[in-house]
Structure formats: C-alpha cells, structure tokens
Amino acid sequence: DGPDKICATCHGTMIPDGAKSTHAAVAQGKCVVCHDPQGSPNNANLVRAGNDLCLGCHEDVKKDLAAATHQHTPATQNCLGCHDPHASKDAPSLLKKAPPALCVGCHNPAQPGFAKAHLNYPVARANCLSCHDPHGSPNKGILWASVHAPVQNKMCAQCHGEPPASGPITVKKR
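All values derive from a computational prediction rather than experimental measurement.

Colleague: Just to check I follow, could you spell out unusual backbone geometry for this structure?
Modeller: Peptide bonds are, in most cases, trans, and in most cases residues other than glycine have a negative phi. Along the chain, P99 connects to P100 via a cis peptide bond; the corresponding omega equals 5 degrees. Tracing the backbone through its elements, the reader meets P100 in the loop between strand 3 (87-88) and helix 6 (112-117). Located in the positive-phi region is L119, a residue other than glycine, with phi close to 55 degrees. With a relative accessible area of 29%, L119 lands in the partly exposed category. Within the chain, N120 stands out as a residue other than glycine whose phi angle is a positive 70 degrees. With respect to the element layout, N120 can be found in the loop between helix 6 and strand 4 (136-137).

Laid out in structure tokens, this is it:
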C-alpha cells in the first residue's frame, strides 16, 4: 500500500458526507502533497508552514496578493482562518462557512464603522463577495476591480433609495 492508503487506516476520510467543496489533493488521496508522513517540524506534519504551503500551489492567489495594494489581513497571515484544508461541508472554495456568515465572524455589522463603510445600507445578510475580493484588491475596501462604478465611488443613492431601516434595498424609479 502507498502512503496515502496507510494514512486512511488511522485518519479515515477527511471529506464529510455531502461536502460542497473538496481540496483536489484530498479527493485524489494525495495526502503527501501537504503532509510528511515521516514527521515535520511544522504543525500537523505539514511539508511547509502556514501560507507558504497553500501559496506554493495556489500561485494565482500569491500573485494577486503581491499585486494588491489593499490586502485582506487574514489572507496574508493564515489561509486556514477562512478555509478548511480538506473539505467544506457547508461552502464552496473550501470556506469554513458560506458568506456572509464567515465574514461577519470578524466584521461585526453592529459596529458603527461597518454601517458607515456601507453607507448605512442593510448589507449584513448580503453576499460580501459580490463587492469584495476576499484576498486583496487595488481598490480601497478590497472592492473587486470590476465592481459597479457607483459602488466604488460611494454613490449608491444615485440609483437606490435611501438606506432603509430594514427590508430590501430599493431602486429609484426613473
């Protein structure tokens, strides 16, 4: 038996039933891509520590992070703060939770700064990734480079009604 079959004798499957996303190396049983079965000075016998391991394969993310003038701090410090390295039962892209549940764990909508940054629009239950790049961006507020121009310029009221106390965001009639 290869090392990956040996791993499964003690560790079983690392993929929960009904997983919404699975790390390709895990799905293929290639544990040794990330783990050294002979031991390692790194946590969990990882072949490299921290983000070095993840960014060693995910070079597109590494390149985007390096180019981003506004970086999302968790992305530069700990991929595993947001991602599960094996599989996610609840979310795509190996996320521990689906947005916005994942995001509001750190970005508290009850804080005045959150409301101010979103011009008091009720976005706490919106999909954060519709506007924000979770890793980093050339734009303030880590907005996607392709985000809707009025959003980028904080001109939402140009097309939308004033922020409601609750309920959906409305569109002005023309």
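Colleague: Just to check I follow, could you spell out the side chain of N51 for this structure?
Modeller: Within the secondary structure layout, N51 lies in helix 3 (residues 50-57). Look at N51 and you get buried, because its relative accessible area is 9%. Polar side-chain contacts of N51 include one of 3.4 Å to the backbone oxygen of T76. Leaving out residues up to four positions away in the same chain, N51 has contacts with G56, A75, T76, Q77, N78 and C79.

Cut-offs used in this document
Residues numbered from 1 in each chain as written. Predicted model: local features only at pLDDT ≥ 70, side-chain atom pairs only at ≥ 80, totals over all residues. Heavy atoms only, no water. Helix = DSSP H or I, 4+ residues; strand = E, 2+ residues; numbered from the N terminus. Buried < 20%, exposed > 50% of the residue type's maximum accessible area, 1.4 Å probe, protein only. Polar contact = N/O pair within 3.5 Å; in protein donor to acceptor, adjacent residues only side chain to side chain. Contact = heavy atoms within 4.5 Å.

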